[in-house]
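Structure assessment
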Amino acid sequence: MAQDFISMNERINRRSGHIAVVYGDWMIVWGGYVDHEQQTSTSQIHTHYHHTDELWIYNCLTEVWERILTKGDIPHRNSGSCGLLHEDFLYIFGGFHGMDNAGSVNGNSNYLFRLDLTTMTWEWLHPTGNQPAPCDKLAGWVYDDKLYFFGGFGPQPEFGVPFQHVIDPSTEPSGWPRGWNNQLVVYNPVNNSWEWPKVQGPTPSPRAAHAADISGHKVYVFGGRIGNTRNNDLHCLDMDSMMWSGNLTHPFELNPEGRSWHSLTFITDTRAIVYGGLNQYNIVLNDCWLLTLHSEGMDHEWQEFELSYDHGEPRCSHTACLFPATGELLIHSGSTQPFYETRLKLKVNTLCMC
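Overview of the structure. (Residues numbered from 1 in each chain as written. Predicted model: local features only at pLDDT ≥ 70, side-chain atom pairs only at ≥ 80, totals over all residues. Heavy atoms only, no water.)

Let us look at the packing of aromatic side chains. Per the stated rule, a full pass over the model turns up 20 aromatic pairs. For the ring pair Tyr91 and Tyr187, a centre distance of 5.9 Å and an interplane angle of 50° mean the geometry is tilted. Of this pair, Tyr91 sits in strand E9 (residues 89-93) while Tyr187 sits in strand E15 (residues 178-188), and the two are 96 residues apart along the sequence. Grouping residues by exposure puts Tyr91 and Tyr187 together as buried. Look at Phe222 and Trp302: their rings are 5.2 Å apart centre to centre, the planes differ by 50°, and that puts the pair in the tilted class. With Phe222 in strand E18 (residues 218-226) and Trp302 in strand E25 (residues 299-304), this residue pair connects regions lying 80 residues apart in the sequence. Take Phe222 and Trp302: they sit in the same class, and that class is buried. Each residue in the set Phe89, Tyr91, Phe93, Phe149, Tyr187 and Trp194 is aromatic and connected to the rest through ring pairs, giving one cluster. (Phe/Tyr/Trp six-rings, centres within 6.5 Å; stacked < 30°, edge-to-face > 60°. Helix = DSSP H or I, 4+ residues; strand = E, 2+ residues; numbered from the N terminus. Buried < 20%, exposed > 50% of the residue type's maximum accessible area, 1.4 Å probe, protein only.)

Below you can see the structure in the form of structure tokens.
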């Protein structure tokens, strides 16, 4: 189909809702979508989901891109999934697969796939245990050989789940209400099972399009959207005690504004970078904030970091990866202001605009 064709440049440089991880000297890019505005009498957006049988590999040393084809149980095309690297495996969980995808729940799924990076072979995993809620725009991390997934946006779950779910009223007329959750679920690769950890302390409110990263035994979650609010709250989860800190943001101090679809990346054990995102007024951002942790991570300070060079257009729904060998923070692709404004204007997008 002619509309299914996208250029090589678009495959590499025009992605939103994709995942990126660092593996050795590589930054691996997978999934996501690209928008094309169709200049017709009924002007609308065609969303093209990128092929999921291919990886785009950026060699951080040679600065050269390479395309690698994979095999096996190829995941469905999607956006907003969570990609985590553990040993020589890339895990992909959840995402938005499109309304007509077999097996998805109103576009969302709770599928879990694993790619063996030594053989480039996918495997569709079917873990035992109580299944997590289907969702996209979630965050995740790896700790003690287990994979953790937090939050997201998806269909209303069954009663009796160990987390909160807040329905987005705009989805109710469809008959398939969706909304924001604060589920925390763990995948144990040793016995291929889902686990539901017991946590203490005030759990962050349901949210999607937030960002999280881990330093040592502490995970930090920043921002994200629930309802009409894009937050700037900062939460810490101690992975040893499984204790949530509560909101660490001091309202009368210097803080980044509330946002979603941003990135949070640790660059040292005590310093992390928040970059870009979408603010409360639907403005795409290109600000850069340095988070410095004190007192074993329970105190912190924010500092807006002015970049002295051209770092491209403001963007949201991008990825950020730290390449330790050079100390570079690699920001890849995302949606810019013109494309986001077009989506708002036309109001034809089937994705929740988190």
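By the criterion of burial, strand E12 (residues 139-143) is predominantly enclosed, with four of the five residues buried. When E12 meets strand E13 (residues 146-155), the two strands line up antiparallel, connected through five bridges. In the strand pairing of E13, Tyr143 is matched with Lys146. Turn length for the E12-E13 hairpin, with the two strands adjacent in sequence and antiparallel, is two residues, and the turn residue Asp144 shows positive phi of about 55°. (Pairing = 2+ DSSP bridges.)

So far we have only geometry, and geometry alone does not tell us how the molecule works.
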